[in-house]
Amino acid sequence: APIFYQGKLLDADERAQTNITNKINEFESRLSLGQEVPSEQLIWRDANNINTTFTSRVDMLMWLQGLAVAISERGTAAYAWSWAKKAEVLSATTLEEIDTVTLA
């Protein structure tokens, strides 16, 4: 599902995550190699197909790293929620107790 990050709705599916990781790796590699990023590549398209441009590689890299962290945190929160719900179901000993488990 898309994620809302810094005022923008951004794709966060598997392909988007791969693209984010690849761009972070590219920028870090360019830094190590002393290569600049062409200004026309300092752009990211959101889930609504609106482009965001960045003034520097550092700004874009920090933004992408923050986006990667936000996506990861959301995934961890989803796992924690599912583990808690599973524990509620497993601890139930009657059908009535299972019926009280909510998915909200």
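Use the structure listed above.
What counts and how
- Residues numbered from 1 in each chain as written.
- Predicted model: local features only at pLDDT ≥ 70, side-chain atom pairs only at ≥ 80, totals over all residues.
- Heavy atoms only, no water.
- Helix = DSSP H or I, 4+ residues; strand = E, 2+ residues; numbered from the N terminus.
- Buried < 20%, exposed > 50% of the residue type's maximum accessible area, 1.4 Å probe, protein only.
- Polar contact = N/O pair within 3.5 Å; in protein donor to acceptor, adjacent residues only side chain to side chain.
- Axes fitted to C-alpha atoms, helices over the stretch in contact; angles between N-to-C directions.
- Left-handed = near helix turned anticlockwise from the far one by under 90°.
- Contact = heavy atoms within 4.5 Å.
- Nonpolar A, V, L, I, M, F, W, Y, C, P; charged D, E, K, R; others polar.
- Expected span 1.5 Å × (residues − 1).
- Salt bridge = Lys/Arg side-chain N within 4 Å of Asp/Glu carboxyl O.
- Phe/Tyr/Trp six-rings, centres within 6.5 Å; stacked < 30°, edge-to-face > 60°.

### Topic: the overall build of the chain
Thinking step 1. Counting its secondary structure elements, the chain contains three helices and four strands.
Thinking step 2. Starting at the N terminus and walking to the C terminus, you meet the elements of the chain as β-β-α-β-β-α-α.
Thinking step 3. For the chain, the spread of C-alpha atoms along the three principal axes comes to 65 × 30 × 20 Å.
Thinking step 4. In the chain, buried positions account for 27% of the 104 residues.

### A closer look at the side chain of D46
Thinking step 1. Secondary-structure assignment places D46 in the loop between β3 (43-45) and β4 (51-53).
Thinking step 2. A distance of 2.8 Å separates a polar side-chain atom of D46 from the backbone nitrogen of I50.

### A closer look at the packing of helix α1 (residues 14-33) against helix α2 (residues 57-91)
Axis angle and axis distance: for two packed helices, these are the angle between their axes and the distance between the axes, and together they describe the pair.
Thinking step 1. Put simply, α1 and α2 touch, their axes get as near as 10 Å, and they point 145° apart. The two elements α1 and α2 cross, and the hand of that crossing is left-handed. In this structure, α1 uses Q17, I20, K23, I24, F27, E28, R30 and L31 to contact α2, whose residues at the interface are R57, M60, L61, L64, Q65, L67, A68 and I71.
Thinking step 2. Tallied by class, residues from the contact of α1 with α2 come to 10 nonpolar, two polar and four charged.

### Some remarks on α2
Thinking step 1. Between its terminal C-alpha atoms α2 stretches 51 Å, which fits the 51 Å expected from 35 residues at 1.5 Å a residue.
Thinking step 2. Where α2 is buried, its residues contact β1 (3-5), β2 (8-10), α1 and β3.

### A closer look at the side chain of K85
Thinking step 1. As for its placement among the helices and strands, K85 is situated in helix α2.
Thinking step 2. Other than its neighbours up to four places away in sequence, K85 contacts V101, T102 and A104.

### Focus on the pattern of salt bridges
Thinking step 1. A complete count under the given rule lists three salt bridges for this structure.
Thinking step 2. Taking the shortest distance from any N to any O, the salt bridge between R30 and E26 comes out at 2.9 Å. Taken together, the positions of R30 and E26, both in helix α1 and four residues apart, correspond to about one turn of that helix.
Thinking step 3. Measuring nitrogen to oxygen at the nearest pair gives 3.4 Å for the salt bridge that ties K85 to E88. Here E88 and K85 lie together in helix α2, a separation of three residues that amounts to about one turn.
Thinking step 4. Connected through salt bridges with shared partners, the residues K23, E26 and R30 form a single ionic network.

### A closer look at the packing of aromatic side chains
Thinking step 1. With the rule as written, the count across this model stands at three aromatic pairs.
Thinking step 2. Where Y79 meets W83, the ring centres are 5.7 Å apart and the plane angle is 20°; that geometry is what we call stacked. Of this pair, Y79 and W83 both sit in helix α2, separated by four residues, roughly a single helical turn.
Thinking step 3. On the accessibility criterion, W83 (57% relative accessible area) is exposed.
Thinking step 4. Among the aromatic residues, ring-to-ring pairing joins Y5, F54 and W63 into one connected group.

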